[in-house]
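So you can see what is in the structure, the chains are spelled out below.
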Amino acid sequence: MTNTLVDTHSRKIDYMRISVTDRCNLRCVYCMPPEGIELTQPQNILRYEELLRIARISAAHGVSKFRITGGEPLVRRGIIEFLKDLSSIKGVEDLSITTNGVLLKDYAARLKEAGLRRVNVSLDSLKRDRFQKMTRGDNLQNVLDGLHESEYVGLTPVKVNMVVIKGFNDDEIIAFADLSKERPWHIRYIEYMPFNTQEGWQKDKCLSAKEIKELINQQAGELYPVISGPGGAGPARRYKFKDAPGEIGLISPVSEHFCGSCNRLRLTADGKIRTCLFSDNEIDLKTALRDGSSDDAIERLLFKAVAEKPSQHHINENVFKKCSRTMSLIGG
Ligand code: SAM
Ligand code: SF4
């Protein structure tokens, strides 16, 4: 391998999140308005071969972990073939997906065969009526079936991501924690983050990871820290109940950022590199991909993006402004 991607703050960049679509089959209240968002014209969405070209160039410079997201990645046609091609690129060691789980039951076995290691499934309520209210879809059972099927086919560890919103679903924190006592799933609580949506983010709707942990300790039993093994490094602080098959993870982008160890780049479905979830600085790769530019030119853009990666976000400082894109457009 030639030179690796290291930013100006000495962080090695070895992780890329690729959004394959801005389309979605749900309309979560914190992510999209009921009518959906204005979608990118199909010709402006990167084709699979373009995504694979970027992945190949990135992998040649040390990016070994890829996560596929969206929008909802499973709604894009041809996703299985794409994942197969991606997993066979030299240097790609870890391939995973973030999905709302609606289509997961049908896809799980094929995802595994395509070379996918794991799934992260977003699930914010275990109550049918509330799930419906939060996602504007009646698919709770599909998501639960998808989780079980993923465990069955070995897309493990199965991770369940719950965005906690005060006054909305915080009364289900314990029910989610209890799932880790029954199943070998990693239940991860994510602080509600500020994006431009109709719902309107307010700081007082955000429950901190510390508050969530205290609540679990008080009401569900004592949590013991889990020491991350190789490959276990990530933004989640990991815990476990004694003798539980599953784990608890706490992710605190708002109250306690983990920017110092941030190793990731995001590629949006319309071909922009975003170096930080909360920065609107974007480096356009699509133009270079389509004007006959060489791999060397694309490589230079990649290095430029890494050089511009900010040291940290500023959610808790006055200079912070909400992102102009929502998560579904950035690729969460
Ligand atoms: N559609 C897929 C899904 O929902 O898993 C992948 C894309 S979605 C944008 C990725 C993740 O972003 C989901 O786990 C979702 O809950 C999370 N997300 C969206 N808006 C958020 C917000 N304001 N705060 C925290 N997480 C958010
Ligand atoms: Fe769709 Fe995921 Fe956004 Fe929900 S969070 S609307 S499932 S993209």
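To be clear, the structure that these remarks concern was listed above.
The rules we used
- Residues numbered from 1 in each chain as written.
- Chains lettered and ligands numbered in written order.
- Predicted model: local features only at pLDDT ≥ 70, side-chain atom pairs only at ≥ 80, totals over all residues.
- Heavy atoms only, no water.
- Helix = DSSP H or I, 4+ residues; strand = E, 2+ residues; numbered from the N terminus.
- Buried < 20%, exposed > 50% of the residue type's maximum accessible area, 1.4 Å probe, protein only.
- Contact = heavy atoms within 4.5 Å.
- Areas by Shrake-Rupley, 256 points an atom, 1.4 Å probe, with all protein chains shown as cover.
- Right-handed = clockwise from strand over helix to strand, strands pointing away.
- Expected span 1.5 Å × (residues − 1).
- Arc of directions from axis to C-beta.
- Near = heavy atom within 4 Å.
- Polar contact = N/O pair within 3.5 Å; in protein donor to acceptor, adjacent residues only side chain to side chain.
- Nonpolar A, V, L, I, M, F, W, Y, C, P; charged D, E, K, R; others polar.
- Axes fitted to C-alpha atoms, helices over the stretch in contact; angles between N-to-C directions.
- Parallel < 35°, antiparallel > 145°, perpendicular 65-115°, else oblique.
- Left-handed = near helix turned anticlockwise from the far one by under 90°.
- Phe/Tyr/Trp six-rings, centres within 6.5 Å; stacked < 30°, edge-to-face > 60°.
- Lys NZ or Arg CZ within 6 Å of the ring centre and 35° of its normal.

1. Some thoughts on the overall build of the chain
- A tally of helices and strands in the chain yields ten helices and twelve strands.
- A burial count over the chain gives 56% of its 332 residues as buried.
- Within the chain, residue pairs in contact and separated by at least 24 positions form 72% of the contacts whose partners lie at least 6 positions apart.
- Summing over all exposed atoms, the chain offers an accessible surface of approximately 14,700 Å²; the carbon and sulfur share of this is 48%.

2. Here's the deal with the pairing of strand β2 (residues 65-69)
- With four of its five residues buried, β2 lies for the most part within the structure.
- Considered for its hand, the β-α-β crossover made up of strand β1 (residues 15-19), helix α1 (residues 48-59) and β2 is right-handed.
- Handedness of the β-α-β unit built from β2, helix α2 (residues 79-87) and strand β3 (residues 94-99) comes out right-handed.

3. Notes on helix α9 (residues 295-307)
- Helix length check: α9, at 13 residues, gives a terminal C-alpha distance of 18 Å against a target of 18 Å (1.5 Å per residue), a fit within 8%.
- Within α9, the full set of buried residues consists of A297, I298, L302, A305 and V306.
- On its buried face, α9 sits against β1, α1, β10 (264-267), β11 (272-274), β12 (282-284) and α8 (286-290).

4. Observations regarding helix α5 (residues 140-153)
- Taking 1.5 Å of rise per residue, 14 residues should cover 20 Å, and α5 covers 20 Å from first to last C-alpha, within 8% of that figure.
- All buried positions along α5 are accounted for by L140, V143, G146, L147, S150 and V153. Around the axis of α5, the buried residues are gathered within 165 degrees of arc, so they sit on the same side. Residues of α5 that are exposed and angled more than 90 degrees away from the buried face: Q141 and Y152.
- A positive phi of about 90 degrees marks G154, the residue just after α5.

5. Describing the site of ligand 1
- Around ligand 1 sit 17 residues, and of these Y30, G71, T99, S122 and M193 come closest.
- Contact distances for ligand 1 include 2.5 Å between an oxygen atom and a side-chain N or O atom of S122.
- Within the backbone of M193, a nitrogen or oxygen atom sits 2.8 Å from a nitrogen atom of ligand 1.
- Relative to its free-state accessible area of 540 Å², ligand 1 is covered by the protein chains to the extent of 95%.
- Among the residues forming the shell around ligand 1, the class breakdown is six nonpolar, nine polar and two charged.

6. Remarks on the packing of α1 against α2
- Interhelical geometry of α1 versus α2 gives an angle of 20 degrees and a closest axis separation of 10 Å. In terms of orientation, α1 lies roughly parallel with respect to α2. In this structure, α1 crosses over α2, and the sense of that crossing is right-handed. On the side of α1, the interface is formed by Y48, L51, L52 and A55, while α2 contributes I79, F82, D85 and L86.

7. Points about unusual backbone geometry
- The amide bond that connects T156 to the next residue, P157, takes the cis arrangement and shows omega of 0 degrees.
- In this structure, R136 is a non-glycine residue whose phi angle is positive, near 60 degrees.
- Mapped onto the secondary structure, R136 falls in the loop between α4 (128-135) and α5.
- Here D243, not a glycine, exhibits a phi torsion of approximately 65 degrees, which is positive.
- Tracing the sequence through the fold places D243 in the loop between β8 (237-241) and β9 (247-251).

8. Some thoughts on the packing of aromatic side chains
- Summed over all chains, the structure comprises two aromatic pairs.
- Taking the centre distance of 4.7 Å and the plane angle of 15 degrees together, the rings of Y48 and F82 count as stacked. Within this pair, whereas Y48 is found in helix α1, its partner F82 is found in helix α2, the two being separated by 34 residues in sequence.
- By relative accessible area, which is 2% here, F82 ends up buried.
- Stacked on the ring of Y107, the Lys or Arg R110 has its end atom at 4.7 Å from the ring centre.
- Directly above the aromatic system of F241 lies the positively charged group of K181, at a separation of 4.5 Å from the ring centroid.

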